[in-house]
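Residue-level listing of the chains:
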Amino acid sequence: MEAENLTELSEFLLLELSDDPQLQPVLFGLFLSMYLVTVLGNLLIILAVSSDSHLHTPMYFFLSNLSFVDICFISTTVPKMLVNIQAQSKHISYVGCLTQVYFLMMFAGMDNFLLVMMAYDRFVAICHPLHYTVIMNPCLCGLLVLASWFIIFWVSLVHLLLMKRLAFSTGTEIPHFFCELAQVLKVARSNTLLNNIVLYVATALLGVFPVAGILISYFQIVSSLMRMSSTEGKYKAFSTCGSHLCVVSLFYGTGLGVYLSSAVTHSSQSSSMASVMYTMVTPMLNPFIYSLRNKDVKGALGRLLSRAASCP
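Numbering of residues begins from 1 in every chain and follows the order in which that chain's sequence is written. Whole-chain, interface and lining totals are the exception, using all residues; otherwise, since this is a predicted model, local features are given only for residues with pLDDT of at least 70 and side-chain atom pairs are given and counted only at 80 or more. Side-chain calculation: all heavy atoms of the structure are included, whereas hydrogens and water are not.

### Some remarks on the overall build of the chain
Where we set the bar: A helix here means a DSSP run of H or I that spans at least four residues, while a strand means a run of E at least two residues long, and both kinds are numbered starting from the N terminus. When accessible area is computed with a 1.4 Å probe and restricted to protein chains, residues below 20% of their type maximum are described as buried, those above 50% as exposed, and intermediate ones as partly exposed. Positive residues here are Lys and Arg, negative ones are Asp and Glu, while His and the chain termini are left out of the count. Charge positions come from single atoms, namely NZ of Lys, CZ of Arg, CG of Asp or CD of Glu.
The secondary structure content of the chain amounts to eleven helices and five strands. With the C-alpha coordinates aligned to their principal axes, the bounding extent of the chain is approximately 70 × 50 × 35 Å. Counting across all 312 residues of the chain, residues that qualify as buried make up 46%. Taking the average place of the 15 positive charges on the side chains of the chain and the average place of its 15 negative ones, the gap between the two points comes to 14 Å.

Here is the structure:
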């Protein structure tokens, strides 16, 4: 089949999660519920942090940013998938596919950066408590977030511009329920060597180094806790890390699951189900993890809901 330039290609075809027509309403209801729960849960976290002065600290500043990014992350894929299920369509426009690729990389990258910042915040709080307010000042926190947005903006843009060079066949089907960069590269008709090199380099720099930063932070935290004589002090200090460790495990665990499912098996359905965990379940569970395991967040949410209920 003759390949044509992407600028002349009007649309792609996406993989359906199930070909069974009877399952389509069930999937629509399930994913719509997950989407609404995710948006509502993360919005409540943002409102609780912004409205409660007790939560105006670096840890909760990063948490509110993480909640915002999670809302954007899930909103990049799920609404289009819901529209396709309802319309019984597999089509996505060329511009829509490029948009999904760009914003998925941006928000996944920001999740990555924010988890590193939160690990560093816990490291400073536990290992250098007397200098915490000096080191983790509002200027530094804001600068870290802005620098992360700046870096991931340009990295995502480079991937997008390289993707625009590729050629595809008419009616190309992407073996996924959304436009993910690695899956799009697999179905390209032109040479993707440069795209893959940039993808691997970016994954190494923006994946390996942040994970190494988190591991180093927690190694220092554990070493500091081991030197504490009080068992109660150890538990109290480490309990502040519990929620973050759960979110880190969930984020990187599901991300690793997506990678292994695509590398080990060639089944598109298996890869898609792993991606559901990564793109939907993780953002949905994050606010529950922080609200259920954190007394400060639970208290702030309680006060927020009380004020909302008392309003006429």
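Now, onward.
### Describing the sheet that holds strand β2 (residues 11-14)
Threshold: Note on pairing: DSSP must find at least two bridges between two strands before they are called paired. In this description, contact between two residues means that some pair of their heavy atoms is separated by no more than 4.5 Å. Axis definition: a line fitted to C-alpha atoms, limited for helices to the stretch in contact. Angles are taken between N-to-C directions and run from 0 to 180 degrees.
The strand order β3-β2-β5 describes an open sheet built from three strands, whose pairing is mixed. The open sheet is flanked by β3 (91-93) and β5 (173-174), the only strands paired with a single partner. Note that β2 and β3 share three bridges and pair antiparallel. Across the sheet, the residue bridging to L13 is H91, located in β3. Against the sheet, helix α3 (residues 94-127) contacts β2, β3 and β5, and its axis sits at roughly 80° relative to β3.

### Side note on the nonpolar core
Quick note on the threshold: Note on terminology: a nonpolar core comprises buried Ala, Val, Leu, Ile, Met, Phe, Trp, Tyr and Cys residues joined through side-chain atoms within 4.5 Å.
Grouped together as the largest cluster of nonpolar side chains are 88 residues, with contacts concentrated most on F31 and M280. Other than its neighbours up to four places away in sequence, F31 contacts L17, V78, M81, L82, I85, V276 and M280.

### Side note on the packing of helix α1 (residues 24-51) against helix α2 (residues 58-87)
We apply this condition: Just so you know how the angles are binned, under 35 degrees is roughly parallel, over 145 roughly antiparallel, 65 to 115 roughly perpendicular, and the rest oblique. Crossing handedness is read from the near helix: turned anticlockwise from the far helix by less than a right angle, it gives a left-handed crossing, and turned clockwise, a right-handed one.
The geometry of α1 relative to α2 is characterised by a closest axis approach of 9 Å and an angle of 160° between their N-to-C directions. One finds that α1 runs roughly antiparallel with respect to α2. The handedness of the crossing between α1 and α2 comes out as left-handed.

### With respect to helix α7 (residues 193-226)
The test is simple: Residue count minus one, scaled by 1.5 Å, sets the expected span of a helix.
Here α7 contains 34 residues, and its C-alpha end-to-end distance of 48 Å stays within 8% of the 50 Å for a straight helix at 1.5 Å per residue. Residues N195, L199, A202, L206, P210, I214, S217, Y218, I221, S224 and L225 constitute the buried set of α7.

### A word on the side chain of T38
Put simply, the rule reads: N or O atoms within 3.5 Å of each other form a polar contact, as long as, within protein, one can give a hydrogen and the other can take it, and as long as residues adjacent in sequence are counted only when both atoms are side-chain atoms.
For T38, the position within the fold is in helix α1. When its relative accessible area of 0% is taken as the criterion, T38 is described as buried. Within polar-contact distance, the side chain of T38 engages the backbone oxygen of M34 at 2.7 Å. Every residue in contact with T38, bar those within four places of it in the chain, is listed here: I74, M280, P283 and M284.

### As for empty space enclosed by the protein
The following threshold applies: Using a 1 Å grid laid over the protein atoms alone, points where a 1.4 Å probe fits but cannot get out form a cavity; open sets with protein on both sides within 12 Å along at least 5 of 7 lines form a pocket; any residue with an atom within 4 Å of a point counts as lining. Grid points are joined across faces, edges and corners, and a volume is the space filled by probe spheres set on the points. Polarity classes work like this: nonpolar for Ala, Val, Leu, Ile, Met, Phe, Trp, Tyr, Cys and Pro, charged for Asp, Glu, Lys and Arg, and polar for all others, with Gly in that last group.
Per the stated rule, a full pass over the model turns up one cavity of 30 Å³ or more. Roughly 30 Å³ of internal volume is contained in the largest cavity. What lines the largest cavity is M59, M118, D121, R122, T240, H244 and Y290. Counting residues per element, the lining of the largest cavity draws most heavily on α3, which supplies three residues. Each residue belonging to the lining of the largest cavity can be placed in one class, and the counts come to three nonpolar, two polar and two charged.

### A closer look at the UniProt feature "transmembrane region" (unreviewed entry) in the chain
For the record, the criterion: UniProt positions are given in the numbering used here, feature names are shortened, and annotations may be inferred rather than shown by experiment.
In the UniProt entry, the feature "transmembrane region" (unreviewed entry) is given for residues 26-49, 61-82, 102-120, 140-162, 197-219, 240-260 and 272-292. The span residues 26-49 is 100% helical and 0% strand by assignment, and the distance between its end C-alpha atoms comes to 35 Å. As a span, residues 61-82 carries 100% helix and 0% strand, and end to end its C-alpha atoms are 32 Å apart.

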